[in-house]
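Below are the chains, spelled out letter by letter.
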Amino acid sequence: MNIDDFIRKSIRKNEEELKKLMMRKKQDRISELLQKSGLGKRFQKKTFENFQITDANRAAFYQAKEFCANFPNTKRGLLITGPVGTGKTHLASAVTNDLIGRLYTVICRNITDIISLIKSTYGQKTELEEWEIVDILTTEVDLLVIDDLGKERASENTNTLLYQIINRLYNDERPIVVTTNFTSVTLAEKLGERGQSIVSRLTEMCEPVRTCGEDWRLKS
């Protein structure tokens, strides 16, 4: 190896190490702020490797894998729908764990927990400006994953905040991953006055992913 090749190799190595260091610092900072990904212990172990593939969920599995393989060079997220117990949250968790393992910052929560978590990180403050919450979730983290959308108890404040988050990501062409048990019509109804606008944006922002089959929890 001549001296020029040695220098170029050393520069590339230093640039890669610096990039990894910066990504770790970013992840550490946001993890401290938002208490890591938000995944419970059960779902911290859910990966693509231990996802049980069947004929009913095979397409969904490979869609989620492809999303991770292409991240962050994708403008469309995933809207994972299907009956209870068909692997939606496992897939969302697998996406979260895969990307965190590659040093991306990912938050995986339902919208009510997201609001509660953000409020709890600001000491004695009991109220936050909406722009502060939206800014953290739409610019600070690399990917937001909202699990079980529509399952939470709807309120005007929650739905307004959800709309602001979705709308910011929509305008900035950033991806999001969402899981829900409901069809688009039912979900829009559950999300109240802004439901139709939220679902319309999600439909445009995300690739549809459908999980099918029996409830695996009842079989275990």
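Residues numbered from 1 in each chain as written. Predicted model: local features only at pLDDT ≥ 70, side-chain atom pairs only at ≥ 80, totals over all residues. Heavy atoms only, no water.

1. Topic: the side chain of asparagine 159
Phase 1 of the analysis: Among the structural elements, asparagine 159 can be located in helix H7 (residues 156-171).
Phase 2 of the analysis: Judged by relative accessible area, which is 8%, asparagine 159 ranks as buried.
Phase 3 of the analysis: Here asparagine 159 is in contact with Ala154, Leu191, Gly192, Arg194 and Ile198, once residues within four sequence places are set aside. (Helix = DSSP H or I, 4+ residues; strand = E, 2+ residues; numbered from the N terminus. Buried < 20%, exposed > 50% of the residue type's maximum accessible area, 1.4 Å probe, protein only. Contact = heavy atoms within 4.5 Å.)

2. Points about the pairing of strand S2 (residues 106-109)
Phase 1 of the analysis: Both faces of S2 are covered, namely the face carrying Val106 and Cys108 and the face carrying Ile107 and Arg109.
Phase 2 of the analysis: One ladder, built from 4 bridges, connects S2 with strand S3 (residues 143-146); its direction is parallel. When the sheet's bridge partners are listed, arginine 109 is paired in S3 with isoleucine 146. (Pairing = 2+ DSSP bridges.)

3. Here's the deal with the pattern of salt bridges
Phase 1 of the analysis: Summed over all chains, the structure comprises 6 salt bridges.
Phase 2 of the analysis: Ionic pairing is found between aspartate 98 and arginine 102, a salt bridge with its closest N-O pair at 3.1 Å.
Phase 3 of the analysis: Assessed through its relative accessible area of 34%, arginine 102 is described here as partly exposed. (Salt bridge = Lys/Arg side-chain N within 4 Å of Asp/Glu carboxyl O.)

4. As for the confidence of the model for the protein chain
Phase 1 of the analysis: Here the protein chain averages 81 in pLDDT, while 75% of its residues score no lower than 70.
Phase 2 of the analysis: Averaged over each element, pLDDT in the protein chain is lowest for helix H10 (residues 216-219) (52) and highest for strand S1 (residues 77-81) (97). (pLDDT = per-residue confidence, 0-100.)

5. Description of helix H9 (residues 195-205)
Phase 1 of the analysis: Within the sequence span of H9, burial applies to Gly195, Ile198, Val199, Arg201, Leu202 and Met205. Along the axis of H9, the buried positions cluster into a sector of 160 degrees, meaning they face one direction only. H9 presents Gln196 and Glu204 as exposed residues on the side facing more than 90 degrees away from its buried surface.
Phase 2 of the analysis: The elements touched by buried residues of H9 are S1, H7, strand S4 (176-180), helix H8 (184-190) and strand S5 (206-210). (Arc of directions from axis to C-beta.)

6. Some remarks on the packing of aromatic side chains
Phase 1 of the analysis: Scanning the model with the defined rule gives 5 aromatic pairs in all.
Phase 2 of the analysis: Geometrically, the ring pair formed by phenylalanine 48 and phenylalanine 61 is edge-to-face, given 5.7 Å between the ring centres and 85 degrees between the ring planes. Of the two residues, phenylalanine 48 is situated in the loop between helix H2 (41-44) and helix H3 (58-70) and phenylalanine 61 in helix H3; the sequence distance between them amounts to 13 residues. In terms of burial, phenylalanine 48 and phenylalanine 61 fall into one category: buried.
Phase 3 of the analysis: Plain terms: the ring middles of phenylalanine 61 and tyrosine 62 are 5.0 Å apart, the flat faces sit at 85 degrees to each other, and that makes the pair edge-to-face.
Phase 4 of the analysis: Through a chain of ring-to-ring contacts, three or more aromatic side chains come together here, namely Phe48, Phe51, Phe61 and Tyr62.
Phase 5 of the analysis: Its guanidinium or amino end placed over the ring of tyrosine 163, arginine 194 lies 4.6 Å from that ring's centre, counting from NZ or CZ.
Phase 6 of the analysis: For arginine 201, the ring lying beneath its charged end belongs to tyrosine 170, and the centroid distance is 5.4 Å. (Phe/Tyr/Trp six-rings, centres within 6.5 Å; stacked < 30°, edge-to-face > 60°. Lys NZ or Arg CZ within 6 Å of the ring centre and 35° of its normal.)

7. Looking at the nonpolar core
Phase 1 of the analysis: Core analysis: the biggest nonpolar cluster contains 28 residues, and Leu144, Ile146, Leu149, Leu162, Ile165 and Ile176 have the highest contact counts within it.
Phase 2 of the analysis: Secondary structure elements with two or more residues in this core: helix H5 (111-120), helix H6 (130-140), S3, H7, S4, H8 and H9.
Phase 3 of the analysis: A total of 6 residues in this core trace back to one element, the largest contributor, which is H7.
Phase 4 of the analysis: In this structure, isoleucine 146 is in contact with Arg109, Asn110, Ile111, Ile114, Leu162, Ile176, Val177, Val178 and Thr179, ignoring residues within four places of it in sequence. (Core = buried A, V, L, I, M, F, W, Y, C linked by side-chain atoms within 4.5 Å.)

8. Structural notes on helix H4 (residues 88-101)
Phase 1 of the analysis: Taking 1.5 Å per residue as the helical rise, H4 with its 14 residues ought to reach 20 Å, and the 20 Å between its terminal C-alpha atoms agrees with that figure.
Phase 2 of the analysis: Extensive coverage of H4 is indicated by the burial of 10 of its 14 residues.
Phase 3 of the analysis: Those residues of H4 that fall on the buried side of the exposure criterion are Lys88, Thr89, His90, Leu91, Ala92, Ser93, Ala94, Val95, Thr96 and Leu99.
Phase 4 of the analysis: A positive backbone phi angle near 75 degrees is found at leucine 103, which sits one or two residues after H4. (Expected span 1.5 Å × (residues − 1).)

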